[in-house]
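Descriptive structure summary
Listed here are the chains, written in short residue letters.
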Amino acid sequence: MMKRPLAAAVLAAAFWVTGCSVDLPWGDGSVSVDEDGVSVGNGDGEVSVDSEGNPAVSVDGDGSLTIASADGTVTEDCEGRTVNVTANAGEVVLNGSCERVNVLGSDMTVHVGSAETINVVGADNTVHHATGEPSIIDVGTGNEISAGGDAQA
């Protein structure tokens, strides 16, 4: 089975310069390449890496969204999912309605449209929710969780 990921990587490298995407021949997978990075996905999930090879955003098999790098600002739509932000010193904007937002890191600024639950673990994180009154669990020091922010509900 190692041939499939290797084949996807070869296809990604081949299309790097042109900014193309291609559907993979086995199932519902696709590879998309542009100057910002590479994205490979199928019906079970998706993973993307930035132009320096750092993992940025992945959709897990259960549909949850994981943001593992927030160099600059990462903007995603919640689409009712659980979102895991595991990064340091970045900014994340989560538009729409999230089921649960888990922030694990430090010096993060996270803007949430709305969420049923917001969990924050770490230090010096700022989390804003545009609407609603989410259940909040704050385990850490110097975290600020409040209404407001730049996300669209």
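Parameters and conventions
Each chain has its residues counted from 1, running along the sequence as written. This being a predicted model, a pLDDT of at least 70 is required before a residue's local features are given, and a value of 80 or more before pairs of side-chain atoms are given or counted; all residues contribute to the totals for chains, interfaces and linings. The basis for every side-chain value is the complete set of non-hydrogen atoms in the structure, without hydrogens or water. Think of it this way: any DSSP run of H or I at least four residues long counts as a helix, any run of E at least two long counts as a strand, and we number them from the N terminus. Using a 1.4 Å probe on the protein chains alone, a residue whose accessible area is under 20% of its type maximum counts as buried, one over 50% counts as exposed, and one in between counts as partly exposed. Computed by Shrake-Rupley with a 1.4 Å probe, the accessible areas treat only the displayed protein chains as cover when residues are assessed. When the sulfur atoms of two cysteines come within 2.5 Å, that pair is taken as a disulfide. We call two residues contacting when some pair of their heavy atoms lies within 4.5 Å. For this analysis, a polar contact is any N or O atom pair within 3.5 Å, provided that within protein one partner can donate a hydrogen and the other can accept it, and provided that sequence-adjacent residues contribute only side-chain to side-chain pairs. Within this analysis, patches are made of residues with over 30% relative accessible area and no salt bridge. Like charges are joined at 9 Å or less; nonpolar side chains (Val, Leu, Ile, Met, Phe, Trp, Tyr) at 5 Å or less. Between Lys or Arg on one side and Asp or Glu on the other, a salt bridge is scored when a side-chain nitrogen of the former is within 4 Å of a carboxyl oxygen of the latter. For two strands to be treated as a pair, DSSP must find at least two bridges joining them. The predictor attaches a confidence to each residue, called pLDDT, with possible values from 0 through 100.

Re the overall build of the protein
Counting secondary structure elements, the protein contains 1 helix and 13 strands. Here the protein holds 153 residues, and 37% of them are scored as buried. Of the roughly 8100 Å² that the protein leaves accessible, carbon and sulfur atoms contribute 50%.

Some words on the state of the cysteines
Evaluation of the coordinates by the stated rule reveals 1 disulfide. Shown here is the disulfide that connects Cys78 with Cys98, its sulfur atoms set 1.7 Å apart. Taken together, the positions of Cys78 in the loop between β7 (73-77) and β8 (82-85) and Cys98 in strand β9 (residues 91-106) put the pair 20 residues apart, joining distant regions of the chain. Classification of Cys78 by relative accessible area gives buried; the value is 0%. With relative accessibility at 2%, the residue Cys98 sits in the buried group.

Overview of the environment of Asp138
When you line up the elements, Asp138 lands in strand β12 (residues 135-141). As for Asp138 and Val120, which are separated by 18 residues in sequence, their C-alpha atoms are 4.8 Å apart. Setting aside its immediate chain neighbours within four residues, Asp138 contacts Val120, Asn143 and Ile145. One polar contact links Asp138 to Asn143, side chain to side chain, over a distance of 2.8 Å.

What to know about unusual backbone geometry
For Glu79, which is not glycine, the phi dihedral falls at a positive 55°. Looking at the element boundaries, Glu79 is found in the loop between β7 and β8. In this structure, Ala89 is a non-glycine residue whose phi angle is positive, near 55°. Structurally, Ala89 is set in the loop between β8 and β9.

Some points on a nonpolar patch on the surface
Judged by side-chain polarity, Leu104, Val121, Ile137 and Val139 come together as a nonpolar surface patch covering roughly 330 Å² of accessible area. The exposure class assigned to Leu104 is partly exposed, which follows from its relative accessible area of 49%.

A few points about the pairing of strand β11 (residues 126-129)
In the sheet, strand β10 (residues 109-123) pairs with β11 via 4 bridges, with the strands oriented parallel. Residue Thr109 lies in a different strand from β11, and its bridge partner there is Thr126. Looking at chain direction, β11 and strand β13 (residues 144-147) are connected through 4 bridges and run parallel. Across the sheet, the residue bridging to His128 is Ser146, located in β13.

A short note on the confidence of the model for the protein
Per-residue confidence for the protein averages 78 on the pLDDT scale, and 63% of its residues sit at or above 70. By mean pLDDT, helix α1 (residues 3-15) is the weakest element of the protein at 48, and β11 is the strongest at 98.

A few points about the pairing of β9
As defined by bridge partners, β7 adjoins β9 across 5 bridges and the pair is classed as parallel. The residue of β9 that forms the bridge with Val74 is Val92. Bridge count between β9 and β10: 13 bridges; the pairing is parallel. Counted as the bridge partner of Ser106 is Ala123 from β10.

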